[in-house]
Amino acid sequence: MCPVLLKIAEDERRRQEEEAEAEQAKKQTPEQVIAKWGNLKSRIFVLSSEGDLSQLLQFVEDPKDTIVCLDFDQTITIKDSQNNKSIRGGKASIDALEKMHAAGCQLGVITAQPPSEITIRNLKFELTQLKLNHIFGLEEWNRQPVMELLKSWGSNEDLSLLQLSQKLATLIVLNTLRFGNDLARIGGSSRVTIAEDDSYVTYYLQQMEEPNPGSWSAKTTLKRKRKPDEPKPNSLGQVDKEEDYFDALTCPVLTWKEYMKRTKSMRGCTKQFEEEVDVPERLFLKLEPTGDDTPREAMTDIETMDLVRTVLQEANIAPKYIASSLRNPAKVIELENGVKLAKLYNTYCSKLNKSEAMEAFVKTEECAGRTRLLFVDDNSDNAWNMFEYFANRPEYTIFSWWFTPPASGKSEDCQEILCENIRTLDKYYKQTF
């Protein structure tokens, strides 16, 4: 056999031996498990499949010193036989979460979903649907002061080009999934269609980064709000508040139409100064020409963010919400050890790295100085790994729960050795304390 293949075979043999040794090392008698872990200030428990999150309340001594993190699927939520999702533990769990939040605990969600902006934004959507978003730092902000400010400016026809640009940029952000820095990528007249009845606008955004720089997105539609005399399109179109109806002074479609009319003579492809190549026309144009020639240059993302920032500041919107309107707050971060996490305020998608996600959360500004950690997961491996990760660190006290999977849920993929360790310690605590 050639030396390379011999080396590969030897490495594989060693790997298997190390894994076998590691597995054997985990096999401890109940007495050994208790001797090693039983008398630490940190503890790990079994939470019955029929239980709820109210059991955490007795472990909150000082809410201002407490961080609570939970898995999502089968921990916060549960599915019935018809695949309908609800809160696991029902009202008792909801009340417990609300009490801990109101008392001042910092609450977070850490899932095993892959770390990406899409998965973390989907998590926010689900928490919002369950009406739990405010508990995890995902509360929606009141947009009404902004709308009242824009109304006070009067009709679109009477606005200066600066005001019209600010108004359109703000209305796009408030009525779509776009952020202030996205607006510089929206195409111009050749990429915008306004319906003849002014009921909608379709537009495209250009991809500026890899994997397909220069390509255009799929067509996106922005519809105006329904007028009171128009039929409801479906049950989801039900209007509950007066501000949900169409208002000409805050209609993004009418504002867009006036902006295109006002800037029509300024439009066309521009040249990049160094490369002398055509740059596709963009929606938002600079307020002043850079020379005597037209067409007008497109705004940068910094300039489109400034349009939105100015309006939100004038409406006295909190800095946190201004920041989340200018750039997507959902991001993928890479830790020093190479672990990647998707983060959106107090929520994380971490794949197999939940302990690292908890530590990243603990180190955020909101959690600085807190030392008491509570963690719940329906997977015993995750519950044990989180316990083991923090239990021997003197600066923290962790209480971890294995919330055993519900009868209607999926069974977990776990190491039975760790399940036995958790059961052993849970029994020991009940008998001793």
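Here is a short report on the structure shown in this document. The shown structure was predicted, so the numbers you read here are calculated from the model rather than taken from an experiment.

Calculation rules
Residues numbered from 1 in each chain as written. Predicted model: local features only at pLDDT ≥ 70, side-chain atom pairs only at ≥ 80, totals over all residues. Heavy atoms only, no water. 1 Å grid on protein atoms, 1.4 Å probe; cavity = no way out; pocket = protein on both sides within 12 Å on 5 of 7 lines; lining within 4 Å. Points joined across faces, edges and corners; volume = space filled by probe spheres on them. Helix = DSSP H or I, 4+ residues; strand = E, 2+ residues; numbered from the N terminus. Nonpolar A, V, L, I, M, F, W, Y, C, P; charged D, E, K, R; others polar. Pairing = 2+ DSSP bridges. Axes fitted to C-alpha atoms, helices over the stretch in contact; angles between N-to-C directions. Contact = heavy atoms within 4.5 Å. Phe/Tyr/Trp six-rings, centres within 6.5 Å; stacked < 30°, edge-to-face > 60°. Buried < 20%, exposed > 50% of the residue type's maximum accessible area, 1.4 Å probe, protein only. Lys NZ or Arg CZ within 6 Å of the ring centre and 35° of its normal.

Estimates place the volume of the second largest pocket at around 530 Å³. Along the walls of the second largest pocket sit 22 residues, with Ala112, Lys354, Asp377, Asn379 and Asn382 positioned nearest its centre. Of all the elements in the fold, those that place two or more residues in the lining of the second largest pocket are helix H10 (354-362) and helix H11 (380-391). Of all the elements, H11 adds the most residues to the lining of the second largest pocket, at four residues. Each residue belonging to the lining of the second largest pocket can be placed in one class, and the counts come to four nonpolar, eight polar and ten charged.

Moving on, we get to the sheet that holds strand E8 (residues 220-223). The strand order across the open sheet formed by three strands is E6-E7-E8, and the pairing between neighbours is antiparallel. Edge strands, defined here as strands with exactly one partner in the open sheet, are strand E6 (192-194) and E8. Within this sheet the neighbouring strands show an average axis-to-axis angle of 15°, counted without direction. In the packing of helix H7 (residues 252-262) onto the sheet, contacts are made with E6, strand E7 (200-203) and E8, and the angle to E6 comes to roughly 120°.

Pairing in this open sheet of eight strands is mixed, and the strands run E1-E15-E14-E2-E5-E13-E12-E11 from one edge to the other. Each of the sheet's edge strands pairs with one partner strand only, and the pair in question is strand E1 (43-47) and strand E11 (331-334). The average angle at which neighbouring strand axes cross in this sheet is 20°, direction not considered. As defined by bridge partners, strand E12 (residues 340-344) adjoins strand E13 (residues 347-349) across three bridges and the pair is classed as antiparallel. Across the sheet, the residue bridging to Leu344 is Thr347, located in E13. Sheet strands in contact with helix H4 (residues 117-129) are strand E5 (106-111), E11, E12 and E13, and its direction is about 135° off that of E13. Where H11 meets the sheet, its contacts fall on E1, strand E14 (372-377) and strand E15 (397-403), and the angle it forms with E15 comes to roughly 170°.

This next bit is on the packing of aromatic side chains. Note on aromatic pairs: each is described by the distance of the centres and the angle between the planes. Scanning the model with the defined rule gives 15 aromatic pairs in all. Judged by centre distance (5.4 Å) and plane angle (40°), the rings of Tyr203 and Trp256 are tilted. Of this pair, Tyr203 sits in strand E7 while Trp256 sits in helix H7, and the two are 53 residues apart along the sequence. Take Trp256: its relative accessible area is 0%, and that puts it in the buried class. What links up through ring pairs into an aromatic cluster is the set Phe45, Phe59, Phe399, Trp401, Tyr428 and Tyr429. Over the ring of Phe403 we find Arg88, and its NZ or CZ is 3.5 Å from the ring centre.

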